[in-house]
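Reading the structure
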Amino acid sequence: MEVKLSENEFLNAEGFICCSKCKEPKQSEYEGHRYSIPCKCRRDEIEAKELEEKRRKLEEKRAFSIPNAKLRSFTFDKDDQQDKETTNILKRYVSKFVEMKAKGLGLLLWGSVGTGKTFYAHCIANALIDAGYSVKSTSLSTVVQLAQDFENGEREINKILQNQVILIDDVGTERQTTFANEQIYNFIDKATSLNRVLLLTTNFMPKEFEEAAQDTADLVHARIYSRILEKCYPIKVNKIKHRDALKEENRQFMKNLLQEEEV
Ligand SMILES: [Zn+2]
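Presented here is an overview of the structure given in this document. Residue numbers here run from 1 along each chain, matching the order of that chain's written sequence. In keeping with the predicted nature of the model, local features appear solely for residues at pLDDT of at least 70, side-chain atom pairs appear and are counted solely at 80 or more, and the whole-chain, interface and lining totals rest on all residues. To obtain the side-chain values, all non-hydrogen atoms of the structure were included, while hydrogens and water were left out.

1. A short note on helix α6 (residues 140-148)
Filter applied, for reference: Per-residue accessibility, obtained with a 1.4 Å probe over protein chains only, is compared with the maximum for each type, and a residue is labelled buried under 20%, exposed over 50%, and partly exposed between these values. Counting from the N terminus, the helices are the DSSP runs of H or I reaching at least four residues and the strands are the DSSP runs of E reaching at least two. What the arc covers is the set of directions going from the helix axis to the C-beta atoms.
Listed in full, the buried residues belonging to α6 are Leu140, Val143, Val144, Leu146 and Ala147. Buried residues of α6, seen end-on, are gathered within an arc of 160° and therefore sit on one face of the element.

2. Some thoughts on the packing of helix α8 (residues 178-193) against helix α10 (residues 219-231)
Worth spelling out the cut-off: Axis angles are defined between N-to-C directions and span 0 to 180 degrees, where every axis is a line fitted to C-alpha atoms and, for a helix, only to the segment in contact. Roughly parallel means an angle under 35 degrees; roughly antiparallel means over 145; roughly perpendicular covers 65 to 115; every other angle is labelled oblique. Whether a crossing is left-handed or right-handed is set by the direction in which the near helix is turned from the far one by less than a right angle, anticlockwise for left-handed and clockwise for right-handed. Any pair of residues with heavy atoms lying within 4.5 Å of one another is described as a contacting pair. Ten residues, namely Ala, Val, Leu, Ile, Met, Phe, Trp, Tyr, Cys and Pro, are considered nonpolar, four, namely Asp, Glu, Lys and Arg, are considered charged, and the remaining ones, Gly among them, are considered polar.
Put simply, α8 and α10 touch, their axes get as near as 9 Å, and they point 25° apart. Comparing the axis directions of α8 and α10 gives the class roughly parallel. Our pair here, α8 against α10, has a crossing hand that is left-handed. Of α10, the residues touching α8 (which contributes Asn181, Glu182, Ile184, Tyr185, Ile188, Asp189 and Thr192) are Val220, His221, Arg223, Ile224, Arg227, Ile228 and Lys231. Class assignment of the residues belonging to the contact of α8 with α10 gives a composition of six nonpolar, three polar and five charged.

3. Structural notes on the layout of surface pockets
Inclusion rule: Definitions used for this entry: grid spacing 1 Å over protein atoms alone; cavity, a set of points where a 1.4 Å probe fits but cannot get out; pocket, an open set with protein on both sides within 12 Å along at least 5 of 7 lines; lining residue, one with an atom within 4 Å of a point. Grid points are joined across faces, edges and corners, and a volume is the space filled by probe spheres set on the points.
There is about 220 Å³ of room inside the second largest pocket. What lines the second largest pocket is a set of 14 residues, and nearest its centre among them are Ala147, Gly153, Glu154, Ile157 and Gln183. Residues that form the lining of the second largest pocket fall into these classes: seven nonpolar, four polar and three charged.

4. Side note on unusual backbone geometry
A positive phi angle, near 65°, is found at Gln81, a position not held by glycine. For Gln81, the position within the fold is in the loop between α2 (69-72) and α3 (84-95).

5. Observations regarding the packing of aromatic side chains
Worth spelling out the cut-off: The criterion for an aromatic pair is that two Phe, Tyr or Trp rings (for Trp, the six-membered ring) have centres within 6.5 Å, with stacked assigned to planes under 30 degrees apart, edge-to-face to planes over 60 apart and tilted to the rest. We count a charge as sitting over a ring when the NZ of a lysine or the CZ of an arginine lies within 6 Å of the ring centre and within 35 degrees of the ring normal.
Evaluated as defined, the whole model comprises six aromatic pairs. An angle of 70° between the planes, with centres 5.4 Å apart, marks the rings of Phe119 and Tyr120 as edge-to-face. The pair Phe119 / Tyr120 is uniform in exposure class, with both members buried. Residues Phe209 and Tyr225 carry aromatic rings whose centres are separated by 4.5 Å and whose planes lie at 50° to one another, so their mutual orientation is tilted. Of the two residues, Phe209 sits in helix α9 (residues 206-213) while Tyr225 sits in helix α10, which places them 16 residues apart along the sequence. Residue classification places Tyr225 among the buried residues on the basis of a relative accessible area of 7%. The structure contains a cluster of three or more aromatic residues connected by ring pairs, namely Phe74, Phe119 and Tyr120. For the cation-ring pair, Lys136 lies above Phe64, with the distance from its terminal atom to the ring centre recorded as 4.1 Å. Positioned over the ring face of Tyr185 is Arg223, at 4.0 Å from the centre of the ring.

6. Description of the coordination of the zinc ion
The cut-off we apply is this: Metal sites are built from N, O and S donor atoms within 2.8 Å, or 3.2 Å for Na, K and Ca, and they leave out water, so they may look incomplete. Each label reflects the angles at the metal, where four donors whose angles all fall between 85 and 135 degrees are tetrahedral, four or six donors whose opposite pairs open beyond 155 degrees and whose other angles stay between 65 and 115 are square planar or octahedral respectively, and the rest are irregular.
At this site the zinc ion is bound by Cys19 (SG), Cys22 (SG), Cys39 (SG) and Cys41 (SG), with donor distances of 2.3 to 2.4 Å. The coordination sphere of the zinc ion comprises four donor atoms, whose angles at the metal cover 105 to 117°; the geometry is tetrahedral. Each donor residue of the zinc ion lies on the same chain, and together they follow the pattern C-x2-C-x16-C-x1-C. Linking Cys22 in the loop between β3 (17-19) and β4 (27-30) with Cys39 in the loop between β5 (33-36) and α1 (40-65), this pair joins segments that are 17 residues apart in sequence.

7. Details of empty space enclosed by the protein
In this structure the tally under the stated criterion is one cavity of 30 Å³ or more. Computed from the structure, the largest cavity encloses a volume of approximately 30 Å³. Mapped by element, the contributors of at least two residues to the lining of the largest cavity are α8 and α10. Top element by residues in the lining of the largest cavity is α10. It accounts for three residues. Taken together, the residues that form the lining of the largest cavity break down as five nonpolar, three polar and one charged.

These results come straight from atomic positions and should not be treated as a statement about function.
Laid out in structure tokens, this is it:
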């Protein structure tokens, strides 16, 4: 026989307190001693809290990995699907990442300005963060800037190098000084010898990289670019001009707005 205790609890036939909502007992017995156990509602509540905590930690990690909020929002589910071939190649790269990581093989996303290289690179970065990898999105200008800080620079650069994946946006746009090039070479050299995966974007063509890699008159550059080409597979991203599409969309929006009605 059941005895109602309150809105939320009742006593079952064995005299255990039970949850009125899920009907499960909230008590058990062992050698004559009663102790509390969680009913299904409580277990669900604990599980939801744990999930929320996990999600919060992941987002905290993501904020460190990709400090720029806009870049952090770039994910494959926001892809406009107009360049399916590139999307598929990049998703395949993510799905085979265990093998890629073992060999330290990265990508060189290349194409002209506004083709979505930065977008795609961060889609990959986000997918890898979701999969539990440590990622850092940075630029070579940042690395050079850090190298100029003789007090904390080395420590900060080493922090970047601790990540399994290093995303470097816009390779080739950094200032070209002897100091800068030395620092960049050191960084790329360390990253590759630590078997870090490099995800690079650039406006240059791989052919230009190849030429630079063979330029005996500019050995520092040659060393940087040959190291990159050893480790990064070039993928052309230029079929869809994301920015042009956006420009067209904005123009259409303005046109509609301005011509819509009489004022
Ligand atoms: Zn319950």
